Amino acid sequence: MPKRLYQIKDFSGGLNNLKDPADIADNEVAEVSNLTFTKQGAIGGAFNMKDDVTPHNLLSAYNTTHIDHLEAGYGLGYFETDFVRDGVTLSVSVSDQDNANWGWKGFNKVLQLKNNGSAVNLTSSYPVGTRLLITAPIFPADSISSDNQGLYTVIGHSGNNLLVDNELIDSATAEADEVYWAATVKGFGTGDKILLLAHPDEHKIDVYSTNTAGTNWEQDSITLRSSATGLNSRVLYHKIDDSIRCFDTTDKNNCKVQWYGWINRRHFYGAGNTTDDNSYLGYFAKDNTLLPPTEDDLTSASTATPSNFTTYPASAGTGFELNVISHTDVEGLIPSGVYEFASTFIYDKNQESLPFAYANTHTISDANNFKALSLNVSAKSPYDPRISGGRIYVREVGSDDEYIMLIDIDLTKGCRTNFSDNYTPWHDAGSSQFNCPTATASANFEVKDFGFITYETINGFASSIFSNALGDQGEFWKDSTVANNRVFICNVTMKDEDSGTNKSTATVKNYPDRIMYSMPNRFDTFPSFNTIEAAKGDADYYTAIESFADRILAYKQYSLDIINISSPSDANWFLEDSKNYMGIEFHGAVAKTQYGIVWVNKQGLYFYDGSQIRDLSENKIDDSTWHSFVTINSMIIYDESTSLVYVVKNCSSDGDAYLYDFKKGNFTFLKDFAHDSITNVVHTNFSDSTNALVGTIDSATTKFYKLHRGFQSVSNVSFKTKDFDFGDVARIKKIYAVYVTYKSSVALTSLFKLVSLDDDTAHTLSGTLAITSDYKTVKLTPSSIVSCTKAHVLLDTSATSANVEINDISIEYRQIYKRDV
C-alpha cells in the first residue's frame, strides 16, 4: 500500500472524555487543558481572567485598599444611570458678593457668573443636559426670587453662559443694573456607570463612579447596619432604572435592605419658600421599608364659619397635620357619625405605604347630618427625599369598611380632593411650615361627599394587611430576579404576622419554601399575600431564582420549579413543571444568557430555552469527572459577546473552569482560569461591549478583573487527540511523520509526541517548532518508524507559559497487509 495522509482539519467537537478515546469523533479530543475550540475548525489558545498586564484582565484604575476582605461569590453590584454620581459645584459666598464684579446673575432663562469682573465660562463645567441645583442664602433687591432656587436643566449655551429650561428672573431692571448674587450651583452631567462593593466586616458598601468630578471610590456610601459586629455580610443586588437594591443574604443578619439611586425632586415648589432644604438632586442611600407617617394628631372642630388653621406637625418629615371642620350651614352628603382618619406616604410617585391612623377622631353631630367638611393640610419640612407625597383617608369608626381617599398630596405640586382635579399649590407659612390651601379659611377644601376611591382601589390590596414592604431590620431574601415589571424574591425571612400586632412588635421568621413578588411597576411593594409556595415540607429550600420568557426558574438544592407567569393576572400563574435533580446549591451556579438560562450542578450543565431543558454536558463529559469537579461553590461566568459559558470549580478556593461554547456546542478545560477567591459576577459596559467583571483580594487590595477575549499565554497547555485506527482497527500501520500547522508564543520543539497504543510508548517527534505569530506547517518525525494498530498525538508544554494555536494535524502512514494477532 502507498503512503497516505490522515488529515484532521476540524477540531470543533472539542473535549469528549466520556467515551473511549478510540470511539470519539475525529473532530474531538480525548484530553485538553488551556486550549479552546472557539475558532472555526481550529484549536485556539486559552482564555484567562488572571493576567495583570493591562489591557488584558486587570482594571487597575478600580483598585481599592479600603476593602481588604471579600465574601466569595458576593458583594459586587453594578448599574447604569442617566446622571453622574458627583456633581460640579461652583460657589460664590456672601463675602465675595459685589454687584458689578462677583457672583451669579439670572435673567430670563440665562445664567451667568462673574469672577472679579470677568465672565466665567460655564459651558465646560455644565454641558447641555446637565441638571442644576441652585441655592442662594441672600437675594438682593430686584434679583432672583426665593422661588427661583431649585432645579433646572441646561438646554443650551450662549457664549460663556447657560440657557436653562425655566425662568430665573424676568426683571429688566435687574439685568440693566447688573445685579449679581451669592449662590451655590451644583450640576450633574449625563451618564454614569456605578460599581458597588460590600465591606462584609463593616456591613457597608463603597460606590465607584466611572464618570465623576471627584474621587472614583466613595467609601461607606451605603450602610446596611450601624453595628460592625456579627456575621459577615453576603450582599447581593437587583437593579431597576436609576436605582439599585442592596440586601444581605447571610442567615440571621441584622441588616436593613437599602435603596440607592438618583433623586431629582423639589418639595413645596411655588410656595415661596426661602430655604434650600426642600430640593434634592443627586444619589441617596435610603432604607427600603416604605414606612408610613408617624404624625398622629389632627385638629377637629364644628362651626358655621371655619377659622384659620395654625397647627402643624410636631416634627419635620413625620407626616401631615389634618385640620377638619364640620360646616353647620353648608349642605353636603356626609352623614353624621364618628370618623377616623389615616395618612400615608407615597414613595417614588407610585409606591404607597400602609395607612397610619390619627389618634383623634372627628364627630359629625346629628344636627350637622348631611353637611360638608372644610379641610386644610399642613406640613413641616424637610421630608425624606424618596417621599413624593401622601394621602389622607377617612372611614367611620368601628366599621370594617376600606379607607376612602379624602386628600391626595403631592409634596411638589400641592393637594387635591379628586384625582381629576388640578393641584392647589402649597402656601409657605414660614419656619419650614406649609399649608394647603392657604392659611385663609375661606380657601379651604370643601368636601361634600366622600366618593368611592378607596385605598384598596388605588393599590390593589387592602389597608388592613400586615405588611406591604420588606426591608426592616432582619428582613431579607436569598436571591431575586426582575421579570414582567415585577421583582421576584425567594427564601424569604420577614416579620411574622403571628408574632406581633404590627411589624414593629413582630419577630422575624424564615420561609425557605416561599417566593414573593412585588406589585407591577412598584418594585419595593410586597403585599404579605403576594406569595408562591410551590412545594412545602420537602426538606429542601430555595437557593436561587432566575427568569426567562415569561417563566420563573426557582432553584432548590435538589429540584427546580418552573412557574409560568405569562398571564397579566397573578391568579392565573401556575407551576408548569418541577424537575428533580436539577437544583443548585449556590446562587452563582445559574446565569441568564441571550439564549436562555444555564446552570450547573453535579449532574450536568443544563440549559433552558423557554420551552425545554437540555443537558449540555451529556455525551461529552464523563459523569464521575463532572461530579468530582462541581462543588457547593461552583459558579458560572457568562460572556454575552462571545456566547461562552465558564463553569468555575469553586469561587472560594479553586479557579479551574470548564468552558462551553454555545455557538459550536463544544467543551474544553481551562486550568487556573480565575483567581481562587472571587466575588459574584456583574456584567458591565465599562468598555464598548458588555463584559463580565469580578473582584478579588491581592495583598490587602481589592482588584477587578474582566474577561479578555484574546488568547493569552498560560501554563499547563496540553491536548491529546483521539486514538486513530485509520479506518481498520485490526491492521498494522507504519507511521512515518506528523505534520502540524501551528502558531506559538514559545518554541514547541520536542513537545509533540506520538503515542503507540499497542505498547503505550510515547515517541518524541523531532522537528523545529520555533516561535511564530503566523501559521507554519512543520514536518515532525519519530526517531524510527512506528508500527501500531492505533495511536494518538499528544502535546504537553508542562509548566511553560505558552499561547498555542493548531490549525490542522496530518499523519503520514502506510497500512500493511498484516493483522495484529
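Values in this document were obtained by computation on a predicted structure and should not be read as measured data. (Residues numbered from 1 in each chain as written. Predicted model: local features only at pLDDT ≥ 70, side-chain atom pairs only at ≥ 80, totals over all residues. Heavy atoms only, no water.)

Engineer: Got a minute to help me understand the nonpolar core in this structure?
Structural biologist: The nonpolar side chains of a soluble globular protein tend to be buried with one another. Among the nonpolar cores identified, the biggest contains 105 residues, and Trp599, Leu605, Ile637, Phe673, Phe719 and Phe752 are the most heavily contacted of them. Ala379, Val394, Leu411 and Cys436 belong to the second-largest nonpolar core, a separate cluster that totals 34 residues. (Core = buried A, V, L, I, M, F, W, Y, C linked by side-chain atoms within 4.5 Å. Buried < 20%, exposed > 50% of the residue type's maximum accessible area, 1.4 Å probe, protein only.)

Engineer: Looking at this structure, how should I read the layout of surface pockets?
Structural biologist: Vacant regions in the atomic arrangement are exposed by a probe of water-molecule size rolled over the atoms. By volume, the largest pocket amounts to about 1,000 Å³. Lining the largest pocket are 33 residues, with Tyr237, Lys239, Glu546, Val681 and His683 positioned closest to its centre. Among the residues forming the lining of the largest pocket, the class breakdown is 16 nonpolar, 12 polar and 5 charged. The calculated volume of the second largest pocket comes to roughly 830 Å³. In this structure, the second largest pocket is lined by 32 residues; those nearest its centre are Leu291, Pro292, Leu354, Pro355 and Lys503. Of all the elements in the fold, those that place two or more residues in the lining of the second largest pocket are strand 19 (279–287), strand 22 (337–347), strand 24 (356–364) and strand 26 (387–396). Residue composition of the lining of the second largest pocket, by class: 15 nonpolar, 9 polar and 8 charged. (1 Å grid on protein atoms, 1.4 Å probe; cavity = no way out; pocket = protein on both sides within 12 Å on 5 of 7 lines; lining within 4 Å. Points joined across faces, edges and corners; volume = space filled by probe spheres on them. Nonpolar A, V, L, I, M, F, W, Y, C, P; charged D, E, K, R; others polar. Helix = DSSP H or I, 4+ residues; strand = E, 2+ residues; numbered from the N terminus.)

Engineer: Got a minute to help me understand the state of the cysteines in this structure?
Structural biologist: Simply put, disulfide is the name for a covalent bond between the sulfur atoms of two cysteines. If you walk through the whole model with that rule in mind, you get 0 disulfides. Free cysteine: Cys255, not disulfide-bonded; nearest cysteine sulfur from Cys246 at 11 Å. Under the relative-accessibility criterion, Cys255 is labelled buried at 2%. Considering cysteine sulfurs only, Cys490 is the nearest to Cys651, which forms no disulfide, with 17 Å between them. (Disulfide = S-S within 2.5 Å.)

Engineer: How do you make sense of the packing of aromatic side chains when you look at a structure like this?
Structural biologist: For any pair of aromatic rings, the description consists of the separation of the ring centres together with the inter-plane angle of the planes. All told, the structure shown has 46 aromatic pairs when counted by the stated rule. Here the aromatic rings of Trp217 and Phe704 are separated by 6.0 Å at their centres, their planes lie at 25°, and the arrangement is stacked. One end of the pair, Trp217, is in strand 15 (residues 217–223); the other, Phe704, is in strand 50 (residues 701–706), and 487 residues separate them in sequence. Relative accessible area serves as the criterion here: at 11%, Trp217 is assigned to the buried category. Under the relative-accessibility criterion, Phe704 is labelled buried at 0%. (Phe/Tyr/Trp six-rings, centres within 6.5 Å; stacked < 30°, edge-to-face > 60°.)

Engineer: I'm lost on the sheet that holds strand 35 (residues 531–532) in this one. Help?
Structural biologist: In any sheet, the strands associate via hydrogen bonds between backbone groups, in a parallel or an antiparallel arrangement. Sheet architecture is open: 4 strands sit in the order 32-33-34-35, paired in antiparallel fashion. Where the open sheet ends on each side, the last strands, each with one partner, are strand 32 (476–483) and strand 35. For strand 33 (residues 486–495) and strand 34 (residues 508–517), the ladder comprises 7 bridges, and the chain directions are antiparallel. Bridge assignment links Lys495 to a residue of strand 34, and that residue is Val508. (Pairing = 2+ DSSP bridges.)

Engineer: Just to check I follow, could you spell out the environment of Thr210 for this structure?
Structural biologist: As for its position among the elements, Thr210 is in the loop between strand 14 (204–209) and strand 15. Linking Thr210 and Ala770, residues 560 residues apart in sequence, is a C-alpha distance of 43 Å. If sequence neighbours within four positions are ignored, Thr210 has contacts with Tyr62, Asp192, Lys193, Asn216 and Phe686. (Contact = heavy atoms within 4.5 Å.)

Engineer: What's the story with the side chain of Arg416 in this structure? I'm lost.
Structural biologist: Summarising the element assignment, Arg416 is placed in strand 28 (residues 414–416). At a separation of 3.1 Å, a polar atom in the side chain of Arg416 contacts the main-chain carbonyl oxygen of Phe419. (Polar contact = N/O pair within 3.5 Å; in protein donor to acceptor, adjacent residues only side chain to side chain.)

Engineer: Is there a simple way to think about the side chain of Asn691 in this case?
Structural biologist: Here Asn691 lies in strand 49 (residues 691–698). For Asn691, a relative accessible area of 5% puts it in the buried group. Among the polar contacts made by the side chain of Asn691, one reaches the main-chain amide nitrogen of Leu707 at a distance of 3.0 Å. Residues within four places of Asn691 in sequence aside, it is in contact with Val682, His683, Thr684, Lys706, Leu707 and Arg709.

Engineer: Could you clarify how one ought to interpret the pattern of salt bridges in this entry?
Structural biologist: Pairing between side chains becomes possible if they bear opposite charge and their charged atoms approach one another. For the coordinates displayed, the defined rule picks out 29 salt bridges. One salt bridge in this structure joins Asp86 and Arg85, with 2.7 Å as the shortest N-O distance. Each of the two residues, Asp86 as well as Arg85, counts as buried. When the shortest N-O distance is used, the salt bridge between Asp287 and Lys256 registers 3.3 Å. Of the two residues, Asp287 sits in strand 19 while Lys256 sits in the loop between strand 17 (243–248) and strand 18 (258–266), which places them 31 residues apart along the sequence. (Salt bridge = Lys/Arg side-chain N within 4 Å of Asp/Glu carboxyl O.)

Engineer: Can you help me understand the environment of Lys3 in this one?
Structural biologist: Within the fold, Lys3 resides in the segment before strand 1 (4–8). Classification of Lys3 by relative accessible area gives partly exposed; the value is 43%. When the C-alpha positions of Lys3 and Lys734 are compared, they lie 9.0 Å apart, and in sequence the two are 731 residues distant. Setting aside anything within four residues of it in sequence, one finds Lys3 in contact with Tyr736, Glu812, Tyr813 and Arg814.

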